[in-house]
Amino acid sequence: MQSYDILDNKIILRTHDRVCETPEEVVESDLFRGIVAAAVGKLARRRSILMQVFGKAEASEKDVDTFIEAVRFLAKMEAELVPNVVPGAKTLLRDPARFNDLVEYIYNFWRSFDRFIISDSQGRDRDRRPYRTFNETVGVLTNLIRQLYRDVQENVTGRHPRIYRQVASGAEVSTIAVSRNIPLPSDYQFLNQVPVIRQMLLYPPLILTPTMNKRSGRFERVADSPLKGQHLNPQEWLCYPAKVGELIVLVYFHYRYAELGHSLCNLFQLAEDEDLSRMPDAVFCYGVPEESVKRFNSGSTVFFDDEKNNLLVGAVPLSNELGYFGYLKKMVLTLHNVIMMKRGILPFHGALVRMILKGDLDRTILFMGDTGAGKSETLEALRGLGEEFIQDLIVVADDMGSVRIASDGKVLGYGTEIGAFLRLDDLQPGYALGQIDRAIIMSANQVNARIIIPITTYDQVIKGEKVDFIFYANNYDMIDEEHPIVERFTDVERALNVFREGTAMSKGTTTSTGLVHSYFANVFGPAQYKEMHEPLARKYFEHCFKSGVFVGQVRTRLGLSGWERKGPEEAAQELLRIIRQKH
């Protein structure tokens, strides 16, 4: 191992060629000593009984060195022989059961960190043979640590376990990152110093605990580049080149946000080599120094429309208060939405799904609404309740996308993401468990616990599907005679008013509470460019009414207490009935 950093609850290992090849090399590594010292220090602060192994309340550096030397020999010989070759080991091993408990504690202490390996393949073309690289890093490290742990325990206890549990003991995520000369404008050439992710390997489920579990504020448009005068240390940053719909957005993230940056792999397609041969549509730096955005006096999360260089630029500072995946995801989508509007295309905040039903019915539905309005939850309810009638349910967009008018007058819908970022509380019982083998779970024990899972393919995202229904997802109205589950609007003005108001009952995904309003339920671009968005929205809604697209609202009741699951289920049942009637 070439170098490592311990940042909060993360361990970042950087390697240029290989990791350790033998258990002895593991024990002799700087990282092993650092983990042992940190674990023992934590025990000492707690005054744990495990410190009895050392025979004192605190362990000196020499005591730690003696322990490590004892472990080195315990990996290859029985405990009673070790004091003959390691001075001081007799004291450590006088109570083998207690020593074994200390080994177990240190092993679990290591595994309590989120662990990442960054393989720098510069000059070695390791990204051309990623499987070998991953085998030489994650695979080797996992086997070595597990072997060391088991050999030491068996030599200390003199017993073989009856049950072996293959828990994740090496790195949870491994990345191959290379230097790339991406054609960026001269003002942004400094970004090319940062390694670009080309392949990733992860061992799901990943259970991550970011420093924050909700988002606040909005992304503010500023008059100058937040990256002006910046320098990104290539030893502290990585670039995830994301395919966001048809766009390429270079997402640079600081190692302190490593768990969030790497989680992008479950949400956005990783760009191909040919995608990096052209200038990107946007760049976003997540983890810049706070002073670089404070000068704008407009909040911490900012973006700049660099018209001179035809580039959108976003920035979020390095802060525990901003350590939430929503800041990363939503800034990327804000940049996408601004670019779409500038191209005369209408972005939406919503879910788009194609349903193929028995009886040769093929319908595509767009649900627009704010976070927590019940879009994804209604789709999942449709998936579960419609098995009798639905042949296929194909997700095109889970959270953000765009619609455009084709040359033949059809309204076509496109997505941006291949994955979904869902609230665990609002999913059907058992759904998350069924997806656990590929999931990234965040803040599992907190309000707004989330799961990130792949749900569709990139080809489906950018294919373009003819839109038949457009619904506003209303999560706050109760159902009565005047407020049906599904309501069709009869005129453009009524539709525009409902969508423009963007009313929703907050679900705790941000710091807002109660009934809230947001322009077209989309503070991610349209709210900052109302003068551009308003005529676009009118043009598209008028065309939808003229071309026979069903425009209305569906009342999911997701924001009402006690209706979190039943509301979307009943909405799905009524939608299915209406869709099957439309010919």
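Definitions and cut-offs
- Residues numbered from 1 in each chain as written.
- Predicted model: local features only at pLDDT ≥ 70, side-chain atom pairs only at ≥ 80, totals over all residues.
- Heavy atoms only, no water.
- Helix = DSSP H or I, 4+ residues; strand = E, 2+ residues; numbered from the N terminus.
- Buried < 20%, exposed > 50% of the residue type's maximum accessible area, 1.4 Å probe, protein only.
- Areas by Shrake-Rupley, 256 points an atom, 1.4 Å probe, with all protein chains shown as cover.
- Lys, Arg positive; Asp, Glu negative; His and termini not counted.
- Charge placed at Lys NZ, Arg CZ, Asp CG, Glu CD.
- Core = buried A, V, L, I, M, F, W, Y, C linked by side-chain atoms within 4.5 Å.
- Contact = heavy atoms within 4.5 Å.
- Arc of directions from axis to C-beta.
- Polar contact = N/O pair within 3.5 Å; in protein donor to acceptor, adjacent residues only side chain to side chain.
- Pairing = 2+ DSSP bridges.
- Axes fitted to C-alpha atoms, helices over the stretch in contact; angles between N-to-C directions.
- Phe/Tyr/Trp six-rings, centres within 6.5 Å; stacked < 30°, edge-to-face > 60°.
- Lys NZ or Arg CZ within 6 Å of the ring centre and 35° of its normal.

Draft legend 1. A look at the overall build of the protein chain. Within the protein chain one finds 15 helices and 27 strands. Projected onto its principal axes, the C-alpha coordinates of the protein chain cover approximately 90 × 55 × 45 Å. The proportion of buried residues among the 583 residues of the protein chain is 59%. Carbon and sulfur atoms make up 47% of the accessible area of the protein chain, which totals about 24000 Å². If you average the places of the 71 positive and of the 76 negative side-chain charges in the protein chain, the two averages end up 1 Å apart.

Draft legend 2. Layout of the nonpolar core. Judged by nonpolar contacts, the single largest core of 84 residues is most densely connected at Tyr240, Phe268, Phe284, Tyr286, Phe325 and Phe499. Broken down by element, this core gets its largest block of residues, 11 residues, from helix H9 (residues 325–342). Not counting chain neighbours up to four residues away, the residues in contact with Phe499 comprise Met368, Ile470, Phe471, Tyr472, Phe489, Phe520, Ala521, Phe541, Val551 and Gly552. Residues Leu13, Val64, Leu74 and Phe99 belong to the second largest nonpolar core, which totals 51 residues.

Draft legend 3. Local environment of helix H13 (residues 492–501). For H13, the set of buried residues is Val492, Ala495, Leu496, Val498 and Phe499. Viewed end-on, H13 has its buried residues packed into an arc of 165°, placing them on one side of the element. Residues of H13 that are buried make contact with strand E15 (361–368), strand E23 (469–474), helix H14 (530–546) and strand E27 (550–555). Looking at where H13 begins, the residue whose side-chain oxygen comes 3.1 Å from the main-chain nitrogen of Glu493 is Asp491. Remark: Gly502 follows H13 within two positions and exhibits a positive phi of approximately 55°.

Draft legend 4. Representation of unusual backbone geometry. Cis rather than trans, the peptide bond between Pro204 and Pro205 has omega equal to 0°. Unlike most non-glycine residues, Arg557 shows phi in positive territory, near 60°. Looking at the element boundaries, Arg557 is found in the loop between E27 and helix H15 (566–581).

Draft legend 5. How the structure looks around the sheet that holds strand E20 (residues 440–442). If you trace the 4 strands from one edge of the open sheet to the other, you get E6-E20-E21-E19, paired in mixed fashion. Taken across any chain shown, the strands that pair with only one partner, and hence form the sheet edges, are strand E6 (206–208) and strand E19 (419–423). Neighbour to neighbour, the strand axes of the sheet diverge by 20° on average, direction disregarded.

Draft legend 6. Representation of the packing of aromatic side chains within the structure. With the rule as written, the count across this model stands at 21 aromatic pairs. A centroid spacing of 6.4 Å and a plane angle of 90° characterise the contact between Tyr324 and Tyr327, whose relative ring orientation is edge-to-face. For the pair formed by Tyr324 and Tyr327, the shared burial category is buried. Arranged with centres 6.3 Å apart and planes meeting at 65°, the rings of Phe520 and Phe541 form a pair that is edge-to-face. With Phe520 in the loop between strand E26 (515–517) and H14 and Phe541 in helix H14, the pair connects residues that are 21 residues apart, well separated along the chain. Residue Phe520 shares its accessibility class with Phe541, and that shared class is buried. Through a chain of ring-to-ring contacts, the aromatic side chains of Tyr472, Phe489, Phe499, Tyr519, Phe520 and Phe541 assemble into a single cluster. Directly above the ring of Phe73 sits Lys76, whose terminal nitrogen or CZ lies 5.2 Å from the centroid. Geometry around Tyr107 places Arg111 over its ring, the cationic atom sitting 5.7 Å from the centre.

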